[in-house]
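Working through the structure, step by step
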Amino acid sequence: MVRYVPLVLALLAAIFLVAPMAIIVPMSFSKAISFEFPPPGYWTGYYAQYFSSHSWLEATANSFIIASGSMALTLIAALPAAFGFVRHRFYGKSVLNLVMLVPIIVPAVVSALGYYSFLSPLRLVGTHAGMILAHSVLSIPVAFLVITAALKGFDRNLERAAMSAGAGPLRTFLWVTMPVLRPGILIGALFAFLHSFNEAVVAIFIAGRDASTLPKKMFESIRLESDPVIAVVSTLLTGAVLLGVLLSLFVRKRPASR
Amino acid sequence: MPAFRGAGLISRDSLTAWLLVAPAVVCVVVLFIVPIGYVLLLSVTDPTVSLDHYRRFFTVPLYANVMVNTFRTSLIVTLACLALGYPLAYVMARRDDALAVILLAAVGLSFWTGFVVRTYAWLIILGNKGPVAATYAFAGWGSPPQLLFTSFSSTLGMTHVLLPYMVLALYGVMRKIDPSYMRAAESLGARPFGAFRLVFLPLSLAGVVNGCVLVFTMCLGFYVTPILLGTPKDMMISQLISQQIEDLLAWGFASAIAVVLLACTLVLLGIYNRFAGLDRLWG
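Bear in mind the structure is a predicted one, so any value in this text is a computation, not a measurement. (Residues numbered from 1 in each chain as written. Chains lettered and ligands numbered in written order. Predicted model: local features only at pLDDT ≥ 70, side-chain atom pairs only at ≥ 80, totals over all residues.)

**Looking at helix 5 (residues 115-126) of chain B**
Given 3.6 residues per turn, any residue in an α-helix points the same way as the ones three and four places further on. Residues and elements named next belong to chain B. With twelve residues, helix 5 should reach 16 Å at 1.5 Å per residue; the first-to-last C-alpha distance of 17 Å fits that figure. By the criterion of burial, helix 5 is predominantly enclosed, with eleven of the twelve residues buried. Along helix 5, the residues that are buried comprise Phe-115, Val-116, Val-117, Arg-118, Thr-119, Tyr-120, Ala-121, Trp-122, Ile-124, Ile-125 and Leu-126. (Helix = DSSP H or I, 4+ residues; strand = E, 2+ residues; numbered from the N terminus. Expected span 1.5 Å × (residues − 1). Buried ≥ 20, exposed ≤ 12 C-beta atoms within 10 Å, placed from the backbone.)

In structure tokens form, the structure reads like this:
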């Protein structure tokens with residue numbers, strides 16, 4: 001019996017994690033105007049409302065634009081940096097390595113306050129550009145850590161083999177180094193995209209009306225008016241994540257080590 | 001950082017290295033560290049140049065209560081996450097079957113779903129028309145206690161939101177514990193619990209430290225959940241900052257509070273960095 005104690009505790013913890021999120025699904029089909037569970041009746045009216053609401057669709061589009069933009073910018077900065085830190089020795093390396101981690105150390109409220117006072121004189125508050133800059137800096141450390149880890153596990157002999165077989169440095173990089181590192185880079189990119197897509201605090205402070213993202217709009221709707229469309233958006237987002245998680249489980253087998 | 005490998009293949013020239021790291025470092029310094037500097041500056045210059053905000057924060061009892069409440073809540077959330085997360089990570093790390101995959105998927109699902117969505121779920125569950133209230137009515141227990149907008153709901157919500165971070169920190173370390181150590185202990189006569197206590201538990205402590213530091217520091221400055229689920233009566237630091245800005249437009253004082261929050265976080269992570277090295281924190 002004692003053998004099963006960890007298993008039971010683990011299952012309870014997993015239920016605690018997932019069950020609250022499951023309640024969102026019936027709520028999205030509920031006819032109730034406010035948070036009422038169990039729902040008094042079911043319909044798909046709030047889905048129709050979401051797909052015809054200008055402000056919700058605009059927030060959705062903003063979320064995608066900002067997340068894609070900051071993913072691209074994050075990779076442009078983090079990828080070369082990972083190579084620099086893993087493959088070279090240079091003056092000030094350990095200090096700069098700490099500097100690279102600063103954005104994930106600082107609490108989001110503090111960063112948000114800083115961004116607001118820094119970006120408003122530049123007229124970047126309430127713009128896509130401002131949001132993309134802010135989010136990419138927040139994602140750089142995570143992408144950097146993921147890509148650095150992939151690069152540390154990279155077998156340099158593969159490059160040596162390519163070079164001794166006559167490939168130039170560029171060819172070696174494009175045909176040997178990059179393909180091997182691709183999973184690490186993809187995971188880094190995914191982290192950057194989803195971090196921006198889910199990020200609420202900085203968005204609440206600096207997105208304004210014009211660059212409002214889904215998390216910001218949801219946060220404000222919950223506080224002000226309890227718009228039932230929130231349940232629809234939550235269901236769609238959770239569904240998308242669930243799909244992604246299931247896909248990742250089917251596509252690749254469990255990685256050998258982390 | 002591991003020892004430098006592969007000397008000679010790629011130039012050891014510092015210049016190349018600096019060119020490679022420059023975009024990221026410049027981004028972080030100009031677009032992050034400078035803005036944080038603005039917060040520091042604002043805290044001592046808005047509206048006038050003085051240290052009044054700090055004096056006020058450290059002398060008014062209300063703010064001391066906020067600090068105490070923030071640290072107490074963070075500690076409760078961290079311990080709750082550890083209690084819930086340890087068995088979960090243990091089972092995930094020790095099994096290699098479909099169940100381990102399902103549990104990993106459950107953790108992944110909650111890890112990748114945004115804080116706002118998951119906090120929203122608790123608004124429904126604990127609300128006065130939610131399932132808890134419905135259960136009370138159904139069982140004939142009368143009206144349920146006020147659950148929402150209390151420090152209980154805020155603590156519960158944060159535990160739920162931060163649990164995946166704890167589990168992944170623990171899992172990252174536990175996964176690397178060689179199962180043969182446990183078998184060796186058992187074949188030498190240790191009972192299952194003895195093998196766990198004497199072999200697995202000590203080896204997993206690095207994960208416990210990582211998870212606790214991660215969850216505690218995240219909790220200290222946590223914004224979304226305390227604001228949506230908590231009460232102004234038992235404020236956390238982030239609620240106080242939000243209140244100062246939204247209700248009072250007191251940017252200077254809000255910045256000073258933010259600096260105090262940052263200082264607390266940096267001290268904790270500084271201690272961690274001294275003993276473990278900061279880049280291990282995220283596995």
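**Some points on the confidence of the model for chain B**
Close inspection of predicted coordinates is inappropriate for parts of the model with low pLDDT. Per-residue pLDDT for chain B has a mean of 90; in total, 95% of the residues score no lower than 70. Interface predicted TM-score (ipTM) for the complex: 0.90; the corresponding pTM is 0.91. (pLDDT = per-residue confidence, 0-100.)

**Topic: the interface of chain A and chain B**
At the junction of the two partners, chain A supplies 81 residues and chain B supplies 84 residues. Examining the composition of the side of chain A that touches chain B, we find that eleven residues originate from one element, helix 1 (residues 5-22) of chain A, more than from any other. Per-class residue counts for the side of chain A that touches chain B are 61 nonpolar, ten polar and ten charged. (Contact = placed C-beta atoms within 7 Å. Nonpolar A, V, L, I, M, F, W, Y, C, P; charged D, E, K, R; others polar.)

**Examining the packing of helix 6 (residues 108-119) of chain A against helix 12 (residues 251-276) of chain B**
Where helix 6 of chain A meets helix 12 of chain B, the axes come as close as 9 Å, and the angle between the chain directions of the two elements is 140°. When the axis of helix 6 of chain A is compared with that of helix 12 of chain B, the two are oblique. Here the hand of the crossing between helix 6 of chain A and helix 12 of chain B comes out left-handed. Facing Val-109, Val-110 and Leu-113 of chain A of helix 6 of chain A, the residues of helix 12 of chain B in contact are Ala-254, Ser-255, Ala-258, Leu-261 and Leu-262 of chain B. The residue inventory of the contact of helix 6 of chain A with helix 12 of chain B, partitioned by class, reads seven nonpolar, one polar and no charged. (Axes fitted to C-alpha atoms, helices over the stretch in contact; angles between N-to-C directions. Parallel < 35°, antiparallel > 145°, perpendicular 65-115°, else oblique. Left-handed = near helix turned anticlockwise from the far one by under 90°.)

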